[in-house]
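Coordinate inspection notes
If you want the building blocks of each chain, they are given just below.
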Amino acid sequence: MRREAIAPRPNWEREVEALGFGFHTLDGRPYWREDACYVFDAAAIDAVEAATAEVHALCLEAVDRIVRAGRYEDLGIDARAAHLVERSWWNRDPALYGRMDLSWDGTSPPKLLEYNADTPTSLFEASVVQWYWLEACYPGDDQFNAIHEQLVERWRLVGGGQRVHFAACYDNPEDGTTTDYLLDTCMQAGHDVQALDIEEIGWSGRDFIDLADRPIDRLFKLYPWEWLLAEPFAAHLPGAGTRWVEPPWKMLLSNKAILPLLWEFFPGHPNLLPASRRREDIDGAAVAKPYWGREGEGIAILDARQGAVLAPQRIYQALAPLPVFDGRHALVGSWVVGDTPAGIGMREDDDRITRNTSCFVPHRFR
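Here we summarise the structure given alongside this text.

The rules behind these values
The numbers attached to residues start from 1 for each chain and follow its sequence in the written order. Per-residue local features are limited, in this predicted model, to residues with pLDDT of at least 70; the limit for side-chain atom pairs, both in listing and counting, is 80 or more; totals at the level of whole chains, interfaces and linings are taken over all residues. The basis for the side-chain values is all heavy atoms of the structure; hydrogens and waters are excluded. To obtain an axis, a line is fitted to C-alpha atoms, over the contacting stretch when the element is a helix, and the angle between two such axes runs from 0 to 180 degrees between their N-to-C directions. Every helix listed is a DSSP run of H or I at least four residues long, and every strand listed is a run of E at least two residues long, numbered separately from the N terminus. Angle categories are assigned with fixed cut-offs, so that under 35 degrees is roughly parallel, over 145 is roughly antiparallel, 65 to 115 is roughly perpendicular, and the rest are oblique. Left-handed describes a crossing in which the near helix is turned anticlockwise from the far one by less than a right angle; the clockwise case is right-handed. Whether two residues are in contact is decided by their heavy atoms, any of which lying within 4.5 Å being enough. Under the scheme applied here, a residue whose accessible area is under 20% of the maximum for its type counts as buried, over 50% as exposed, and between as partly exposed, the area being computed with a 1.4 Å probe on protein chains only. Following DSSP output, two strands are said to pair if at least two bridges run between them. When charges are counted, Lys and Arg contribute as positive and Asp and Glu as negative, whereas His and the chain ends are disregarded. Any carboxyl oxygen of Asp or Glu within 4 Å of a side-chain nitrogen of Lys or Arg constitutes a salt bridge here. Using a grid of 1 Å spacing that covers the protein atoms alone, one calls a set of points a cavity when a 1.4 Å probe fits there but cannot get out, and a pocket when the set is open and has protein on both sides within 12 Å along at least five of seven lines; lining residues are those with an atom within 4 Å of a point. Grid points are joined across faces, edges and corners, and a volume is the space filled by probe spheres set on the points. Note on residue categories: nonpolar means Ala, Val, Leu, Ile, Met, Phe, Trp, Tyr, Cys or Pro, charged means Asp, Glu, Lys or Arg, and polar means any other residue, Gly included.

Attention shifts here to the packing of helix H5 (residues 147–158) against helix H6 (residues 173–188). Packing of H5 against H6 leaves a shortest axis separation of 8 Å and a crossing angle of 60°. The pairing of H5 with H6 is recorded here as oblique in orientation. Between H5 and H6 lies a crossing of right-handed hand. Across from His-148, Leu-151, Val-152, Trp-155 and Arg-156 in H5, the residues of H6 making contact are Tyr-181, Leu-182, Thr-185, Cys-186 and Gln-188.

This part takes up the pairing of strand E16 (residues 314–318). Counting buried positions along E16 yields four of five residues, so the element is predominantly enclosed. Where strand E13 (residues 275–276) meets E16, two bridges bridge the pair, whose relative direction is antiparallel. Each bridged residue has a counterpart across the sheet, and for Ala-275 the counterpart in E16 is Gln-317. Direction of pairing for strand E14 (residues 286–290) relative to E16: antiparallel, over a ladder of five bridges. Across the sheet, residue Pro-290 finds its bridge partner in E16, namely Arg-314.

A separate point is unusual backbone geometry. Glycine aside, negative phi is the norm for most residues, and most peptide bonds take the trans geometry. The residue after Val-245, namely Glu-246, is reached through a cis peptide bond having omega 5°. One can find Glu-246 in the loop between strand E12 (243–245) and helix H8 (250–253). For Arg-92, which is not glycine, the phi dihedral falls at a positive 55°. In this structure, Arg-92 sits in the loop between helix H3 (79–90) and strand E5 (97–103). Even without being glycine, Gln-313 reaches a positive phi, approximately 50°.

Inspection of the secondary structure assignment puts Lys-256 in the loop between H8 and helix H9 (258–265). Of the side chains with opposite charge, Glu-114 lies nearest to the buried Lys-256, which makes no salt bridge, at 4.0 Å. Apart from residues lying up to four places away in sequence, Lys-256 is in contact with Glu-114, Lys-289, Pro-290, Tyr-291, Trp-292, Gly-293 and Ile-315.

On to the layout of surface pockets, then. Within this model, the second largest pocket holds a volume of roughly 220 Å³. At the level of secondary structure, the elements contributing two or more residues to the lining of the second largest pocket comprise strand E3 (29–30) and strand E19 (340–349). Residue classes in the lining of the second largest pocket are distributed as three nonpolar, two polar and seven charged.

Structure, rendered in C-alpha cells:
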C-alpha cells in the first residue's frame, strides 16, 4: 500500500461531471483528487477483503446477541425503536449496503473504526467515478470495485418485486447524487422506481404515501433512523406496512455504541479496537465518539492524560492512528453489499479526523 503522485487529467472536471458527479469541488477546493492515487498489491486487497468479511460477520452476531438479550439501553435506544429493531431482525428484513471505516497501514491487521451501516455516502465516487478514472488512466490495472454489479444483483432480493420509492434531502448534492445512483441500480435490477424528497412523504391515515397518493410499499431512505424517529410522523412507523431500506435493525450497527459491545463479545479480536462507554477502561490515547454522528462530528482525540469528555452518550475507543502518506492521513472505506465485501474507497485529510471535506482519492492494483 502506497500513495503515488500522478498527473491529473487536464479535463478531469468535465470528465467527472459527465458521469453526474457535480460535487467534485467543495468551497473551492477539490474533493475528488486525481493528482495522486493509492496503489495496492493483490495480497493487500485480499487482506482488506478478508477483514471486512470477518468484521461484518461479527457485527451480525452482535446484533443477534443484542436483540436476544434486550441490550438496547447500552445503545441509548428506547422501547419504540427497540420494537422496530426486533420486528425487522426476526423478519430477516434484508439490508442493502454499508461502509466500514478502517485504519490500516498495509501490514498490520485492519482495525474497525466504525461501521456506517445506515446512510453511508461516498458511494457514487467509489463505485463509478474511480472506475472510469481507472479505465481512462490505467486500463491495464485493476481495482477492488465490484460495487455496482453487486448492488444491481442485491436489489433483486431487496426490491421484493414491488415499486421502490427513494427518499432523501435532495437539496444536499451528495445525498441527492447517492440516492439517484442507488435508484438507477434498482432500476437496472428490473424494479419500478420513484424519487421523493423526504418532506414529500405523506400519511393517508393507514399508509405512507407518495405525491400521487400511492402507498409506499418499500422505501429506501438516505435519512438516519435517529432523525426519522424524531419526526412527528414517527408514531405511525409501527403500524405502517412500509418495508425499509436500510431496515430498522441497521440502527444498531450505525450506532457507535456498538463498538464497546463488539469488544465485549469478541475481546482481543485482531480487527477490533478496545472500546468502552467509560474512559477509564481505555489505557493510553483514546478517541471519544458520540453514539450518533457523521463525517467526524463530535469526535475528539484524547491523549493518555485526558479524561472523559463532558458530553452525554459518548464511547471511548483506543486510538488507532491513520497511516500518513505524503503528509496525508489515509482512511480505507470498505464497502459491503448484502453480506459480501464489494470494494474500497480511499479518503484522506491533513487532519487526523476524517470529515465531509476530506478528499476522495482513487486506487488501483495489479
